[in-house]
Amino acid sequence: LFEIVSKLIEVFGGNLSVLASLLPNIQALMPQFKIPSAAKESVDQMNFNSVCFTLQLFMRVVSSGYRPLMIFLDDLQWADGDGKCLDLIYSLLSDTAKGSCIFFVGSYR
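Applying the stated rule across the entire model yields one cavity of 30 Å³ or more. Roughly 30 Å³ of volume is contained in the largest cavity. Around the largest cavity, the lining residues are Gln56, Met59, Arg60, Leu92, Asp95, Ser100 and Ile102. For the lining of the largest cavity, the element with the most residues is helix H4 (residues 48-62), which contributes three residues. The residue inventory of the lining of the largest cavity, partitioned by class, reads three nonpolar, two polar and two charged.

Our focus in this paragraph is the packing of aromatic side chains. Following the criterion strictly, the structure yields zero aromatic pairs and no others. A cation sits over an aromatic face here: lysine 84 above phenylalanine 48, 4.5 Å from the ring centre.

All of the buried residues along helix H5 (residues 84-93) are Ile89, Ser91 and Leu92. Taken around the axis of H5, the buried residues stretch over an arc of 160°, which confines them to a single face. Those residues of H5 hidden inside the fold are in contact with H4, strand S1 (69-73) and strand S2 (102-106).

Okay, the confidence of the model for the protein next. In this model, the protein carries a mean pLDDT of 84, and residues with pLDDT of at least 70 account for 89%. Put simply, helix H3 (residues 37-42) is where the protein has its lowest mean pLDDT, 58, and S1 is where it has its highest, 93.

Closest axis-to-axis distance for the helix H1 (residues 2-12)/H4 pair is 9 Å, and the angle between their directions is 145°. Here the hand of the crossing between H1 and H4 comes out right-handed. Of the residues in H4, those touching H1 at Ile4, Lys7, Leu8, Val11 and Phe12 are Thr54, Leu57, Phe58, Val61 and Val62. Partitioning the contact of H1 with H4 into residue classes produces eight nonpolar, one polar and one charged.

Scoring rules and cut-offs
Residues numbered from 1 in each chain as written. Predicted model: local features only at pLDDT ≥ 70, side-chain atom pairs only at ≥ 80, totals over all residues. Heavy atoms only, no water. 1 Å grid on protein atoms, 1.4 Å probe; cavity = no way out; pocket = protein on both sides within 12 Å on 5 of 7 lines; lining within 4 Å. Points joined across faces, edges and corners; volume = space filled by probe spheres on them. Helix = DSSP H or I, 4+ residues; strand = E, 2+ residues; numbered from the N terminus. Nonpolar A, V, L, I, M, F, W, Y, C, P; charged D, E, K, R; others polar. Phe/Tyr/Trp six-rings, centres within 6.5 Å; stacked < 30°, edge-to-face > 60°. Lys NZ or Arg CZ within 6 Å of the ring centre and 35° of its normal. Buried < 20%, exposed > 50% of the residue type's maximum accessible area, 1.4 Å probe, protein only. Arc of directions from axis to C-beta. Contact = heavy atoms within 4.5 Å. pLDDT = per-residue confidence, 0-100. Axes fitted to C-alpha atoms, helices over the stretch in contact; angles between N-to-C directions. Left-handed = near helix turned anticlockwise from the far one by under 90°.

Below, the structure written as structure tokens:
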């Protein structure tokens with residue numbers, strides 16, 4: 001776990017607050033890290049490509065052949081009509097970075 005936290009700090013550096021604003025539970029790994037209130041508000045202003053890139057970086061850090069990442073999304077039939085949710089999923093799953101190991105399960109009715 002310490003290795004993952006160190007790598008997150010190394011990869012994100014000063015932009016760790018951006019990741020924390022997208023994934024607030026990341027603070028459980030780093031309780032000493034506080035999210036600035038301005039960072040919480042900046043998520044609304046991030047564009048789609050920035051969100052995809054930030055989540056791709058996160059997934060590259062936390063997943064590997066030794067630590068595969070499983071993502072389970074239920075009720076995909078409720079994904080938004082403009083396709084942004086499905087585009088995000090596609091972006092995450094089609095990341096061609098070496099070393100990532102992701103198992104995705106999606107369900108719909």
